[in-house]
Amino acid sequence: MAEHAAHAALAGFKWLVSPIITNLINKGYAYLDMDVAEKMQDLENIIIPQMEILIEAAENSPHKARLHGWLKSLEEAVYEAEDVLDLHCYYLLKQKVKRSTGGITVRLESLPLIKNLLKRFTFGPQNIKLKHALMNLENVAAKAKEFLPFLTIGVSNVRGPEATNESGRKVTTSLLTHTVFGRDKDRDHIIDLLRERVGLEHESSFAKSYTIVAIVGLGGAGKTTLAQYVCDYEREAKHFDVIMWVHVSQRMDVEKLTSKMVESASGMECPHLNNLDTLQMELTKLLKLKKFLLVLDDIWSVDDKQWELLLAPLSVGNRGSKILLTTRMKGAAELLGTKHFIQLKEIEQSDFVSLFMYYAFGDAKIDDNTLCKQLEGVVKENASKLHGSPLAARMVGGQLCRRLDANFWKSILNRDLLKDTMKSLLWSYQNLDAHLQRCFSYCSLFCKGDLILRKGLVHLWSAEGFIKTRDESKQMEDVAKEYIDDLVSSSFFQPSSLCDNSYVMHDLLHDLAEMVSKDRCFRVEGSLTKEIPREIRHLSLIMDRPSDVKEEICSLRNLRTLIFVGIINDDCIDDLLHDIFGKLKKLRVVDLSSCEVRKLPKSIGGLKHLRHLDLRNSSFEFFPKSVSTLYHLEFLFLNCTSVWKGLTHLINLRHINCFGGMLERVPRIGMLTALQTLRCFQVQKKKGYELKQLEKLTELQDSLHISGLEDVEGKAEALEAKLKDKKGIEKLRLEWSTSGNSSRSSDMDTQVLEGLCPPPQLRILEIMGYQGQICPSWMVGDRCLLHNLKSLELHQCRALEFLPDIDSLSQDLNDLVLQDLWKLKKLSILPPALTKLVLDACFSLAFGSKEDSEMIRSTQDITISQVVTFSEGLADKHAINIRQSKWSKIISKSSVQTDGNSLRNWLELRMDIIYRNLQEEEVQLVLPPSLQLLELTSCAFTNSALQECLRDLTSLTHLKISDVISLTSLPSADVLGCLTMLQELEIRECWFLTSLGGLHTLSSLKELTIDLCPNLSAEWPTLGGSTSLLPSSLESLKINACNWKHLDDLRPDLASLNNPFMASLQLGNLKSLSKLSITNCPNLSSLLGLDELEHLKELVVKKCPKLTHAETKLGDGGSSQLKSCIIDAPSLLYVLLAERASASLNFLHVEDFNSESFRPEDEQVFQHLTSLRNLHFRKCSIKSLPANLESLNSLGLLYIYNCQNILSLPHLPRSLSSLSLLSCNPVLEKQCQKPHGQDWCKIAHIPTVYVS
């Protein structure tokens, strides 16, 4: 390891022989107006090549120590020259700001007289410093000549041929296919262990719900890859409800790891919480009643108390949950109580050769067959040497892939690099380009296992000055992204599956980064265990109280980077920052994103080199004025709601993210001409907020939202924004306000939109609130400029009558959303690539025939009467309000009333509008076969129109039909049967819908929602109800507010009930159903085929008063997976659940139960709930809880909300860990008071009791 460290130390200097020295000297002497062409020629042609030879040869030289000292001196000289030159530029920027704020915006460089005067009188001292720094740099660099005689350098000693040949480099992709070799047996063995319920004692309520399996092996052996392989399999198999991945590494931080668990379980970023209890409660909510798999990757040491605290929330998971951990130390896994160990061995040699070949050849396309055979021959000749660490194979193979040269491959494989993993990694690092070496080594500042976000890394590298490009047309950020792609293709970074555009580094590569950067980068984790080297330039701190090492930090006078990582709980953070900013003047990056800074110190203004400042988790009411003097600042992240006028002095800003929404209110934003990030801009009729502020912001990237366009007066003012010149904008949103009584004319909006011509490369366009009647010329015909458009959304353009020819607008258009286009009468031909279409509240669009409209008209009175009768019953009995419809806006009604007459009038008015539109012209909607998502809301579609437009949509996966009043039936089986890809179907508020047509033929349907369809009939294709209306592929079914009526002659077996409107629902064919919700179906009397639902996990049944019968019960079929049940009557447990289903239940929620007591048979059901962990009673009229609750030995949580009649509690089980009484009777609350309440003795054993 010491030998590797010595080689690594020298390898870390390679960046010095990049163009950085010549660029520095060129730029510096240019500022001094000195002609150094001859000097630069000598430097570039002689000195720099000699330096490169020295570094290459120094690894095997007896003068290694002396060379290392010279390289250190050269590095210091480069840093010093950079700093002095940077200060020179700072004062130039300062003068530029003063000129612009004085009312004259002008480039300083364009005024030679002013430039010379400034240099003479303002920059005199700086010029002297700059000249000295440059001369010192030249002198140190020239010493390279002195070392050449001491080195015996021949062609064979120099690694020149192995260096990356820029001109001959193969272009590689940024992502490699994740392929695993030789681990299938290990994976299958682990999966078998994960599926077993080893060690679970059903009879004991104290047994853990999880067991632990450990993968043990050496570093680089493939432990993490194997665990990922297992996770990939389990995600497909869906055996576990939740899969979490957490990297642990050497430092045990319970809060950080718990936060990672929350993020992994939820799939979202964890809120910034400083309280461990709050974090654990959040995790408990996510895992409750779930069977989880938690992967703890890279465990080192074990602290019993810390691990007990970390794993405590996992107790709420379901039995059969598992923890899979990876570690190099078997003892650590044993201390955690691991039941099964997988000792990872080397993969078979044949698999290792396959692995090596995979990375060595990669995705290279070798047209030369002779070369291909030569390379394969080299590998076969050296097959006996190909064994060892999979990581080494990946790294060495990745480097060989970049040089498809047989001799080169032979020279490398002859070295037996693969026998020594770290040696192979170091060799791969040495073969990186110098700029990539520097960027990679910088990543040692991050913790092992941490996600590295692509955008964040781009910003950091750019702020540090690592990104160099000779192509002025390329943005610095784009070059940085290419660097990342190169490191991915070379296997130094691995794409993470946890988050898009994020990466991870293998632990051994992280160790390598630490070795090669040890003189420049330092990371403190937990506590300071060794002295921080004074010469370091970059520092990251992962500790709760960084103020404890204030003296050590403040002594690092050359520090350029200060990053705080993790959760900081330090009351002295403000004082610490005051001292740091006052003493560490060379800081370029300050990342305080993990801190809550209360007051930003004025001393921050002294950081004249600062490029990157992250304060996203700190809220300030005021900023010190000194912040406005940070003229070099390029990246700024804030959480601020107050307007900060001094922001526009930061004229070098490239990216600013303001999480408090302040940015759009900053006046004169147009001064920030380098700005790339401006999410929102709000036009106002005030100075500094005009649309022309956007004129010079030509570097804007990604997306731009312009609001307040109602305050723009005419085309000329709109043209001042020069949107067409903003080549980096891909998403544009243009918004006019629709609130208030706007007096603007339609013609004014037309002129303004005409002047807002977007750039031709635009991919996404959204227009909101536009009141013009026509589209602008740049959207129409031959003058159309939107040929790259992928998505078009028009919202609340209520005066627009016609759209341009969408087919000619862009052949590649994928998404089209038309919402609230009230006067739109016709839809043009749609482009062939369209995958998403949303038509919402386009009231004048009517698709159908006159015959259809006449048929609807003839049955309108009867249908409306049935709707009114049903809806009145719902509103009276169950207090369900019919939600407001968008149609109410166009028919001049502020809201929809639920009384019979109002509802009848409202429906009749709607039908009159639809009838009129259908009489004008017969229109059919022709949809392209490529369509995948279709939403039809508040539009006029008749049965035949829907039938025709859905025909042949074989790619459709999502269909939503909502508030389509003219629809009476879904299409027939011959049409719906062709929708072979349809997975989700929503039918909402189709008031006149009576038939589901050929719904049962949707062979791929997974989720079905039917909501508020009061005329829907329960039809059966065959007598007796043996065949279901519903497709057998369903996994989720939700039915709400449907009448489910049918005539008794279809079901003679129900005639004896003397109720012609009783209905049953056949569910027996839904073998894959896991979620079932049936609510507000007053005529539903029976559920059929419950015994067939062996995979049902969640059941909701409410507001179905006639549901008193089931031919079979859940669990009668032999097994039950039911975990959650929400009901409004405990009798439903007896009606629907067999004992087996009751015994599997973990969560029971009883709400709106109107009886004052439980029937004896209802109470008996509770004794079968042997696995119940959570019991909720909400808004119930009962006077007492079931008397036998004490027998529920698995119950952990009891929640009672707004049950005003309960005055006392029964005896509760000893297993209960939490009791909540919220908004209950004050008598009950008093009874439960500690210590004298009469019921206190019944609840004293419960750890957490919450009464409110």
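What you see is a predicted model, and the numbers here were worked out from it, not measured in a lab.

(A) Structural view of a nonpolar patch on the surface. On the surface, a cluster of nonpolar side chains totalling about 250 Å² of accessible area is made up of L451, L453 and L498. Among the secondary structure elements, L451 is positioned in the loop between helix 19 (434–442) and strand 6 (452–453). On the basis of relative accessibility, which here comes to 37%, the residue L451 falls in the partly exposed class.

(B) How the structure looks around the pattern of salt bridges. Counted according to the given criterion, the structure contains 43 salt bridges. Its salt-bridge partner being R523, residue E514 comes within 2.7 Å of it at the nearest N-O pair. In this structure, R616 and D614 form a salt bridge, with 2.8 Å as the shortest nitrogen-oxygen distance. When salt bridges with common partners are traced through the structure, they connect E80, E82, D83, D86, R560, K586, R588 and R611 into a single cluster.

(C) Up close: the sheet that holds strand 3 (residues 292–299). If you trace the five strands from one edge of the open sheet to the other, you get 2-3-4-1-5, paired in parallel fashion. With partners counted over all chains shown, the strands left at the sheet margins are strand 2 (242–249) and strand 5 (340–343), one partner each. On average, adjacent strands in this sheet sit at an angle of 15° to one another, irrespective of strand direction. The strands touched by helix 8 (residues 184–195) within the sheet are strand 1 (210–216), strand 3, strand 4 (321–327) and strand 5, with strand 5 carrying the most contacts at an inclination of about 170°.

(D) Here's a closer look at the packing of aromatic side chains. Counted under the stated rule, the structure contains 14 aromatic pairs. When the ring of Y210 is compared with that of F292, the centres are 6.4 Å apart and the planes differ by 45°; the resulting orientation is tilted. Of this pair, Y210 sits in strand 1 while F292 sits in strand 3; the two residues are 82 residues apart in sequence, bridging distant segments of the chain. Residue Y210 shares its accessibility class with F292, and that shared class is buried. Pairing W736 with Y770 gives two aromatic rings, centres 5.4 Å apart and planes at 55°, and the pair type is tilted. Separated by 34 residues along the polypeptide, W736 in the loop between strand 18 (728–735) and helix 26 (746–755) and Y770 in the loop between strand 19 (764–768) and strand 20 (791–795) bring together distant segments of the chain. Three or more aromatic residues joined by ring pairs form one cluster here, namely F1153, F1158, F1166 and F1177. When the ring centre of F637 is taken as reference, the NZ or CZ atom of R616 above it lies at 4.9 Å.

(E) Representation of helix 12 (residues 304–311). Of the positions making up helix 12, those classed as buried are W307, L310 and L311. For helix 12, the buried positions fall inside an angular range of 85° around the axis, keeping them on one side. Residues of helix 12 that are exposed and point more than 90 degrees away from the buried face comprise K305 and E308.

(F) Molecular detail of the environment of S955. Among the secondary structure elements, S955 is positioned in the loop between helix 32 (943–950) and strand 26 (958–962). Classification of S955 as partly exposed rests on a relative accessible area of 28%. Polar contacts involving the side chain of S955 include one to the main-chain carbonyl oxygen of P929, which spans 3.3 Å.

(G) Seen up close, the packing of helix 14 (residues 349–361) against helix 16 (residues 390–400). Between helix 14 and helix 16, whose axes approach to 7 Å, the crossing angle comes to 35°. When you trace helix 14 past helix 16, the crossing you get is right-handed. Contact residues: helix 14 offers F352, L355, F356, Y359 and A360, while helix 16 offers P390, A393, R394, V396, G397, G398 and L400. A class-by-class count of the residues in the contact of helix 14 with helix 16 yields nine nonpolar, two polar and one charged.

The rules behind each value
- Residues numbered from 1 in each chain as written.
- Predicted model: local features only at pLDDT ≥ 70, side-chain atom pairs only at ≥ 80, totals over all residues.
- Heavy atoms only, no water.
- Patch = residues over 30% accessible without salt bridge, like charges linked within 9 Å, V, L, I, M, F, W, Y side chains within 5 Å.
- Areas by Shrake-Rupley, 256 points an atom, 1.4 Å probe, with all protein chains shown as cover.
- Salt bridge = Lys/Arg side-chain N within 4 Å of Asp/Glu carboxyl O.
- Helix = DSSP H or I, 4+ residues; strand = E, 2+ residues; numbered from the N terminus.
- Buried < 20%, exposed > 50% of the residue type's maximum accessible area, 1.4 Å probe, protein only.
- Pairing = 2+ DSSP bridges.
- Axes fitted to C-alpha atoms, helices over the stretch in contact; angles between N-to-C directions.
- Contact = heavy atoms within 4.5 Å.
- Phe/Tyr/Trp six-rings, centres within 6.5 Å; stacked < 30°, edge-to-face > 60°.
- Lys NZ or Arg CZ within 6 Å of the ring centre and 35° of its normal.
- Arc of directions from axis to C-beta.
- Polar contact = N/O pair within 3.5 Å; in protein donor to acceptor, adjacent residues only side chain to side chain.
- Left-handed = near helix turned anticlockwise from the far one by under 90°.
- Nonpolar A, V, L, I, M, F, W, Y, C, P; charged D, E, K, R; others polar.

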